[in-house]
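Observations on the model geometry
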Amino acid sequence: MKELHDKYGDVVRMGPSILVYRSPQAWKDIYGHRKTGAGSFLKDPTSNHSRTRRLLSHAFSEKALREQEGLIQSYVDLLVDGLNKEISRSQDTVDMVRWYNYTTFDIIGDLAFGEPFDCLKDNKYHPWVSMVFASAKGVSLMRPLAIYPSLAPIVKKLLPKKVMENRLKHYQMSEAKLLRRIETETNRPDFMTYVMRHTDNRSLSVQEMKANAGLLIIAGSETTASLLSGFTYYLLQNKSAYQKLREELRGAFQSYDEINFKAVIGLPYLNASLEEALRMYPPLPATLPRIVPKGGSVIDGEYVPEGVSVGGAHYSTYHAECYFADAESYIPERWLEDREARYESDDRAALSVFSLGPRNCIGKNLAYAEMRLIVAKVFWSFDMKLDDSTAGWADQKAYNNWEKQPLMVHLSKA
């Protein structure tokens, strides 16, 4: 997609009625809040998104996040403890992709269903985790059906049987876990606690909860683990950036126990490093399609007829030299207030990893809190160095999510 945009410009036609953009203005036109009376660009015209989002928003509020901190801290501590055990067993080279996945899946499993996957405890993937990967891949492989619906019989026959079976199992297991959580009375601060507080006509039906359960697992786990993996790869490649972050963390905290949600918010180099990782390695590098509403609309200064599928391409936008100087280089300093003049022209508003407008990522604050806490505790606790096997690690396939290879890192206690 980036190669096509570099060759043809900020908008590329990918099918008879599919346009893909990379300009910041197009992102605002497609995903942003619309003026009163203007139709919204819908993802799924049949869904009642605003009602569902309104109810789920309580589970992702600032108040909920404060209440959830203890639970999240406990899993990050298990991560650090697990890495320490690897070192004590003389296993000083570890696959950080696996450990980040263990952590984020355990966190989201506990938050969504009141029970973890026990990946950190068992030091291995729960069978369901593999199904989640397959489910995400299945969604991507079914994308042609949105372009050419008439080819559905052919496309479905060509899809790998194993992928589609795992996709179905993922949603079946999500339903089973959800029903078990609904039957459990508890005041613990997980997502269902907030959703189930509403018992009047505003509440979600069990069927609606089922429809969202599987999505919460996919959206709240693999994406965060991907960002942390990309962050670790790019940071350790940049020795200067790694040294600056390490000095900031160890200068800010005299002990491990001082590291918490509130304490890490104000660390400028930590935040800049994460922003640059989001730009270089967006967890969802693909396009999030929307449908142009009735009557058509103007996108990036040009009229587009109703019914056309449009979307912004994350990776292509963030790696465009016209929006970011040295776009292919990992440079956290571009996000600092005191930055070189050459980075003043960066269009920082072009970075919309969590999307924007009425359908922006509801879990944005949770994701940032998780990422900051995990990075702070891990990089405060250990000295790290990439293994030679990681050369070219970021050259990956993407099925909506990245198909990540192992990220082998040498660890030693700080």
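Coordinates for the structure precede this section.
Residues numbered from 1 in each chain as written. Predicted model: local features only at pLDDT ≥ 70, side-chain atom pairs only at ≥ 80, totals over all residues. Heavy atoms only, no water.

1. Points about the overall build of the chain
A tally of regular secondary structure across the chain gives 17 helices and 11 strands. Referenced to the eigenvectors of the C-alpha coordinate spread, the extents of the chain come out at roughly 60 × 60 × 45 Å. Per-residue burial over the chain gives 51% buried out of 414 residues. At a minimum sequence separation of 6, the contacts of the chain that also span at least 24 residues come to 73%. Summed over all atoms, the accessible surface of the chain reaches about 19500 Å², with 52% contributed by carbon and sulfur. Taking the average location of the 53 positive side-chain charges in the chain and that of its 51 negative ones, the two points are 6 Å from each other. (Helix = DSSP H or I, 4+ residues; strand = E, 2+ residues; numbered from the N terminus. Buried < 20%, exposed > 50% of the residue type's maximum accessible area, 1.4 Å probe, protein only. Contact = heavy atoms within 4.5 Å. Areas by Shrake-Rupley, 256 points an atom, 1.4 Å probe, with all protein chains shown as cover. Lys, Arg positive; Asp, Glu negative; His and termini not counted. Charge placed at Lys NZ, Arg CZ, Asp CG, Glu CD.)

2. What to know about empty space enclosed by the protein
Counted by the stated rule, this structure contains 1 cavity of 30 Å³ or more. Here the largest cavity defines a volume of roughly 30 Å³. Forming the walls of the largest cavity are Ala59, Phe60, Ser61, Leu65, Gln68, Asn365 and Leu366. Sorting the residues of the lining of the largest cavity by element identifies α4 (62–88) and α17 (364–381) as the ones contributing at least two each. Here the lining of the largest cavity is built from residues that sort into 4 nonpolar, 3 polar and no charged. (1 Å grid on protein atoms, 1.4 Å probe; cavity = no way out; pocket = protein on both sides within 12 Å on 5 of 7 lines; lining within 4 Å. Points joined across faces, edges and corners; volume = space filled by probe spheres on them. Nonpolar A, V, L, I, M, F, W, Y, C, P; charged D, E, K, R; others polar.)

3. Considerations on the nonpolar core
Soluble globular proteins tend to bury their nonpolar side chains together. One finds Phe191, Phe231, Val310, Val378, Phe379 and Met384 to be the most contacted residues of the largest nonpolar core, which totals 115 residues. With 13 residues, helix α12 (residues 206–237) is the single largest residue contributor to this core. For Phe191, the contacting residues outside a window of four places in its chain are Ala59, Phe60, Gln68, Ile108, Leu111, Ala112, Leu216 and Leu366. (Core = buried A, V, L, I, M, F, W, Y, C linked by side-chain atoms within 4.5 Å.)

4. Here's the deal with the packing of helix α10 (residues 161–182) against α12
Direction vectors running N to C along α10 and α12 enclose 115°, while the axes themselves pass 9 Å from each other. In the packing of α10 onto α12, the handedness of the crossing is right-handed. Listed contacts from α12 to His170, Tyr171, Ser174, Glu175, Leu178, Leu179 and Ile182 of α10 are Val206, Met209, Lys210, Ala213, Gly214, Leu215, Ile217 and Ile218. Split by residue class, the contact of α10 with α12 holds 10 nonpolar, 3 polar and 2 charged. (Axes fitted to C-alpha atoms, helices over the stretch in contact; angles between N-to-C directions. Left-handed = near helix turned anticlockwise from the far one by under 90°.)

5. As for the pairing of strand β1 (residues 11–15)
Consecutive residues of a regular strand have side chains that alternate between opposite faces of the sheet. One ladder, built from 4 bridges, connects β1 with strand β2 (residues 18–21); its direction is antiparallel. Pairing of Val11 across the sheet is with Tyr21, part of β2. What sits between the antiparallel neighbours β1 and β2 is a turn of 2 residues. (Pairing = 2+ DSSP bridges.)

6. Notes on the pairing of strand β11 (residues 408–413)
Summarising the sheet, strand β3 (residues 93–95) and β11 pair through 3 bridges and their orientation is antiparallel. Looking at the pairing, Thr93 lines up with His410 of β11. Where strand β8 (residues 382–386) and β11 come together, 5 bridges link them in antiparallel fashion. Looking across to β11, one finds that Lys385 is bridged to His410.

7. Considering the environment of Asp257
Along the chain, Asp257 falls in the loop between α13 (239–252) and α14 (261–265). Put simply, Asp257 and Asp77 are 180 residues apart on the chain and 10.0 Å apart in space, counted from C-alpha to C-alpha.

8. Focus: the pattern of salt bridges
Taken as a whole and judged by the stated rule, the model has 20 salt bridges. For the salt bridge of Glu67 with Lys63, the shortest nitrogen-to-oxygen distance reads 2.7 Å. Placement of the pair is Glu67 and Lys63 together in helix α4, with a separation of 4 residues, close to one helical turn. According to the relative accessible area criterion, Glu67 is partly exposed, its value standing at 35%. Residue classification places Lys63 among the partly exposed positions, given a relative accessible area of 45%. Among the salt bridges present, the one from Asp383 reaches Arg246, with a minimum N-O distance of 3.0 Å. Taken together, the positions of Asp383 in strand β8 and Arg246 in helix α13 put the pair 137 residues apart, joining distant regions of the chain. Through salt bridges that share partners, Lys2, Asp6, Asp10, Arg22 and Glu328 make up one connected network. (Salt bridge = Lys/Arg side-chain N within 4 Å of Asp/Glu carboxyl O.)

9. What about the packing of aromatic side chains?
By the definition in use, this model includes 17 aromatic pairs. Members of the aromatic cluster, connected to one another through ring pairs, are Tyr233, Tyr234, Tyr281, Tyr315, Tyr330, Trp393 and Trp402. (Phe/Tyr/Trp six-rings, centres within 6.5 Å; stacked < 30°, edge-to-face > 60°.)

10. Focus: unusual backbone geometry
The residue Asp118 is not glycine, and still its phi comes out positive at about 60°. Its location among the elements puts Asp118 in the loop between α5 (96–113) and α6 (119–122). Asp118 gets classed as partly exposed once you look at its relative accessible area, which sits at 30%.

11. Re the layout of surface pockets
Empty space within the second largest pocket amounts to approximately 400 Å³. Lining the second largest pocket are 20 residues; nearest its centre among them are Phe133, Glu222, Trp402, Glu403 and Lys404. Secondary structure elements with two or more residues in the lining of the second largest pocket: α5, α7 (127–141), α12 and β10 (401–402). Top contributing element to the lining of the second largest pocket by residue count: α7, with 6 residues. Here the lining of the second largest pocket is built from residues that sort into 10 nonpolar, 4 polar and 6 charged.

12. Topic: the sheet that holds β11
Taken in spatial order, the 3 strands of this open sheet run β3-β11-β8, and their pairing is antiparallel. Since the sheet does not close on itself, it has two edges, and those belong to β3 and β8, each with one partner. Pairwise comparison of adjacent strand axes, ignoring direction, gives a mean angle of 40° for this sheet.

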